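# Summary of the model geometry
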Amino acid sequence: MNTNNLDNPVWLALTETHRPFAIDHNGVKLYHPDICPFGSFTKIEETAKAMESYHKLCDNFFIVGNEPVIPSTLALNKTFICDQMLLNKLNQPEYTHPIEKLTEQHIDELYELVWLVMPGYFKKRTFEMGDYYGIFIDNTLAAVTGERLQMNNYIEVSAVVTHPNHIRKGMAKQLVAHTSQRILEKNKTPILHVDQENTGAIKLYEKLGFKSIRKVTWRHYVSNSVVI
């Protein structure tokens with residue numbers, strides 16, 4: 001399969017499956033900020049105007065892929081270089097915990113868990129981007145993984161989160177495998193993005209069969225008067 005179009009994954013998602021979530025600024029596409037604060041572009045000359053407009057809706061957000069021209073009201077806060085990984089054949093792990101598909105009744109608990117472990121980008125309506133799966137311990141959500149960017153041929157595995165009280169129990173590995181299997185059953189290819197410095201996570205994904213295919217840059221922008 002030709003993966004060249006995955007060099008701009010947010011743009012591809014907002015052009016294909018997630019088109020209903022897109023705010024389109026003539027060559028710059030961004031998710032509705034209630035869904036996910038991500039954007040990307042194909043026309044660099046339109047980025048400053050588009051980001052200025054989006055900033056009125058969202059006080060901080062990510063531009064994924066190439067570096068944009070930013071307006072004077074915004075500043076680059078952080079840059080993340082991520083390995084983009086792709087799975088063709090899943091190496092199934094041993095499953096030791098029951099896995100449940102989450103429903104709208106779990107949105108608040110999902111939101112609280114993700115913000116506990118990885119605060120900053122997850123919205124309650126991020127749940128609408130795809131399917132989410134969780135492991136419950138004593139009727140409390142202990143770990144979760146779900147789907148984020150969705151395209152015609154690919155779905156991104158994301159929100160790989162385990163409560164600090166339950167780490168090193170194999171939950172993340174089992175949830176990533178389960179989510180990937182569900183994606184494969186939809187006749188789509190699982191992908192994911194992981195910070196290149198997170199070598200532990202990269203090794204876990206490699207054990208499941210994921211392979212790195214390129215680097216993708218995520219740039220976080222905030223008001224130039226704000227320090228995060």
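Within the secondary structure layout, H55 lies in helix α2 (residues 47–55). Among the residues examined, H55 registers a relative accessible area of 18% and is labelled buried. Contacts of H55, omitting those with residues within four sequence positions, involve F61, T73, L74 and S223.

Y31, F38, L102, L110, Y132, V144 and M151 are the most contacted members of the largest nonpolar core, which totals 35 residues. Leave out the neighbours within four places in its chain, and L102 touches L110, F127, Y132, Y133, G134, F136, L141 and V144. Among the nonpolar cores identified, the runner-up in size contains 15 residues, and L87, L90, I155 and F210 belong to it.

What follows covers the pattern of salt bridges. Any two side chains of opposite charge can pair, so long as their charged atoms come close to each other. Tallied over the full model, the rule gives eight salt bridges. D83 is paired through a salt bridge with K215; the nearest N and O atoms lie 2.4 Å apart. One end of the pair, D83, is in strand β5 (residues 74–87); the other, K215, is in strand β11 (residues 210–223), with 132 residues separating them in the sequence. Assessed through its relative accessible area of 8%, D83 is described here as buried. Measuring nitrogen to oxygen at the nearest pair gives 3.0 Å for the salt bridge that ties D131 to K186. Taken together, the residues D131 in the loop between α3 (107–117) and β7 (132–137) and K186 in the loop between α4 (171–185) and β10 (189–195) connect sequence positions 55 residues apart. Ionic contacts of the salt-bridge type, sharing partners, join the residues K101, D131, E147 and K186 into one network.

Between α4 and helix α5 (residues 199–208), the shortest axis-to-axis distance is 10 Å and the interhelical angle comes to 50°. When the axes of α4 and α5 are compared, the pair comes out oblique. Every pair of crossing elements has a handedness; the one defined by α4 and α5 is right-handed. Residues K173, V176 and A177 of α4 pack against L204, Y205, K207 and L208 of α5. Looking at side-chain class alone, the contact of α4 with α5 contains five nonpolar, no polar and two charged residues.

When you tally the buried positions in β7, you get five out of six residues, the bulk of the element. Of the pairings in the sheet, the one linking strand β6 (residues 100–101) to β7 comprises two bridges and is antiparallel in character. Bridge assignment links K101 to a residue of β7, and that residue is Y133. Pairing geometry for β7 and strand β8 (residues 140–150), over six bridges, is antiparallel.

Rules used throughout
- Sequence order as written defines residue numbering, which begins from 1 separately in each chain.
- Reporting of local features is limited, given that this is a predicted model, to residues whose pLDDT is at least 70; pairs of side-chain atoms are given and counted only at 80 or more, and all residues count toward the totals for whole chains, interfaces and linings.
- Excluding hydrogens and water, the side-chain figures rest on all heavy atoms present in the structure.
- Here a helix means four or more residues in a row that DSSP labels H or I, a strand means two or more in a row labelled E, and each is numbered from the N terminus.
- Accessibility here uses a 1.4 Å probe with only protein chains present; expressed as a share of the type maximum, an area under 20% marks a residue as buried, one over 50% as exposed, and anything in between as partly exposed.
- Contacts between residues were defined by any pair of non-hydrogen atoms, one from each residue, lying within 4.5 Å.
- What is meant by a nonpolar core is a set of buried Ala, Val, Leu, Ile, Met, Phe, Trp, Tyr and Cys residues, joined one to another through side-chain atoms within 4.5 Å.
- Any Lys or Arg side-chain nitrogen located within 4 Å of an Asp or Glu carboxyl oxygen qualifies as a salt bridge.
- Lines fitted to the C-alpha atoms define the axes, with helices restricted to the stretch that makes contact. Angles between their N-to-C directions range from 0 to 180 degrees.
- For this classification, under 35 degrees means roughly parallel, over 145 means roughly antiparallel, 65 to 115 means roughly perpendicular, and everything else is oblique.
- Each crossing is labelled by how the near helix is turned from the far one, with a counterclockwise turn of less than a right angle marking it left-handed and a clockwise turn marking it right-handed.
- In this count, Pro and Cys sit with the nonpolar residues alongside Ala, Val, Leu, Ile, Met, Phe, Trp and Tyr, while Asp, Glu, Lys and Arg are called charged and the others, Gly among them, polar.
- Following DSSP output, two strands are said to pair if at least two bridges run between them.

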